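Geometric and topological summary
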Amino acid sequence: MMRPLALLVLLGLALAALPPLLGPSLPPGTELRLLSQDLRTLHGAWRVEGKRLLPLSPPVPPKVGQEVQLLLVLPGERPRPFPGVADRGDVLLVQDRERVSLLKLLKEVYGLTPPERLWP
C-alpha cells in the first residue's frame, strides 16, 4: 500500500517542477533581452556570466501587465522569442496558458543567481 502512495507523491513532485522552458542550459555568454511587444523599446538586457545574470544596460521598466517579448540569444545560435507579461520586477513567461516567473525559472531550473528584481 505504501509503495503506490510513495510513487504517486514522487510523480506529483516531478510534474510540479518547473520545465526547462528556455532550453536545456544557459551557457556563459547567453543574453536575455526584454522588449516591448512591437520590439521598439528595449526594457532591459542581461548576460549570463558564470552563475550570475549581469545587466548590460540600465532597465526601462515596463508597465505591470504589459505584454513583452523575451529574446533569448544563446552563443552562436539564432535569437528565440518568448511571450510574456511584465510583473513587478519580473517577467511572467506564458507557456500553455500558464505563467512562469522568469526569475524563479533562472534560479530553480538553471541554477543562476539572478538579481532580486530585474528593474526597480
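Definitions and limits used
- Residues numbered from 1 in each chain as written.
- Predicted model: local features only at pLDDT ≥ 70, side-chain atom pairs only at ≥ 80, totals over all residues.
- Heavy atoms only, no water.
- Helix = DSSP H or I, 4+ residues; strand = E, 2+ residues; numbered from the N terminus.
- Buried < 20%, exposed > 50% of the residue type's maximum accessible area, 1.4 Å probe, protein only.
- Contact = heavy atoms within 4.5 Å.
- Areas by Shrake-Rupley, 256 points an atom, 1.4 Å probe, with all protein chains shown as cover.
- Polar contact = N/O pair within 3.5 Å; in protein donor to acceptor, adjacent residues only side chain to side chain.
- Pairing = 2+ DSSP bridges.
- Axes fitted to C-alpha atoms, helices over the stretch in contact; angles between N-to-C directions.
- Salt bridge = Lys/Arg side-chain N within 4 Å of Asp/Glu carboxyl O.
- Core = buried A, V, L, I, M, F, W, Y, C linked by side-chain atoms within 4.5 Å.
- Lys, Arg positive; Asp, Glu negative; His and termini not counted.

1. Some thoughts on the overall build of the chain
Counting its regular elements, the chain contains two helices and seven strands. For the chain, the N- to C-terminal ordering of α and β elements is α-β-β-β-β-β-β-β-α. The proportion of buried residues among the 120 residues of the chain is 37%. Taking contacts inside the chain between residues at least 6 apart in sequence as the whole, the part at least 24 apart equals 48%. Accessible surface, the chain as shown: approximately 7,800 Å² in total, 59% of it carbon and sulfur.

2. Quick notes on the side chain of serine 101
Looking at the element boundaries, serine 101 is found in strand E7 (residues 98-101). A polar contact of 3.4 Å, which involves the side chain of serine 101, links it to the backbone nitrogen of leucine 103.

3. Quick look at the sheet that holds strand E1 (residues 31-36)
Backbone hydrogen bonds hold the strands of a sheet together, and the pairing may be parallel or antiparallel. The strand order across the open sheet formed by seven strands is E3-E2-E1-E4-E5-E6-E7, and the pairing between neighbours is antiparallel. Looking at strand neighbours, the two that pair on one side only are strand E3 (52-55) and E7, the edges of this open sheet. Strand-to-strand, the axes of this sheet are offset by a mean angle of 35°, without reference to chain direction. Pairing geometry for strand E6 (residues 90-95) and E7, over four bridges, is antiparallel. Across the sheet, leucine 92 pairs through a bridge with serine 101, a residue of E7.

4. Structural notes on the pattern of salt bridges
Here the idea is simple: oppositely charged side chains can pair when their charged atoms come close. Under the defined criterion, the tally for this structure stands at three salt bridges. In this structure, glutamate 31 and arginine 47 form a salt bridge, with 2.7 Å as the shortest nitrogen-oxygen distance. Placement of glutamate 31 in strand E1 and of arginine 47 in strand E2 (residues 42-49) is noted, with a sequence separation of 16 residues between them. The class for arginine 47 is partly exposed, based on a relative accessible area of 27%.

5. Some details on the nonpolar core
Counting residues in hydrophobic clusters, the biggest one holds 25 residues, and the most contacted among them are Leu22, Leu26, Val91, Leu93, Leu102, Leu106 and Leu118. For this core, the secondary-structure elements that each account for two or more residues are E1, E2, strand E4 (67-73), strand E5 (80-87), E6 and helix H2 (102-108). By residue number, the principal contributor to this core is H2, which donates four residues. If near-sequence neighbours (up to four positions away) are discounted, leucine 118 is found in contact with Trp46, Leu53, Pro59, Gly89, Asp90, Val91, Leu102 and Leu103.

6. Regarding the side chain of aspartate 90
Turning to its location among the elements, aspartate 90 is positioned in strand E6. There is no salt bridge for the buried aspartate 90, and the closest opposite charge comes from arginine 117, which lies 8.9 Å off by N-O distance. Separated by 3.4 Å, the side chain of aspartate 90 and the backbone nitrogen of leucine 102 make a polar contact. Those residues within four positions of aspartate 90 in sequence are excluded, and the remaining contacts are Val85, Ser101, Leu102, Leu103, Leu118 and Trp119.

Coordinates in, geometry out; function isn't part of it.
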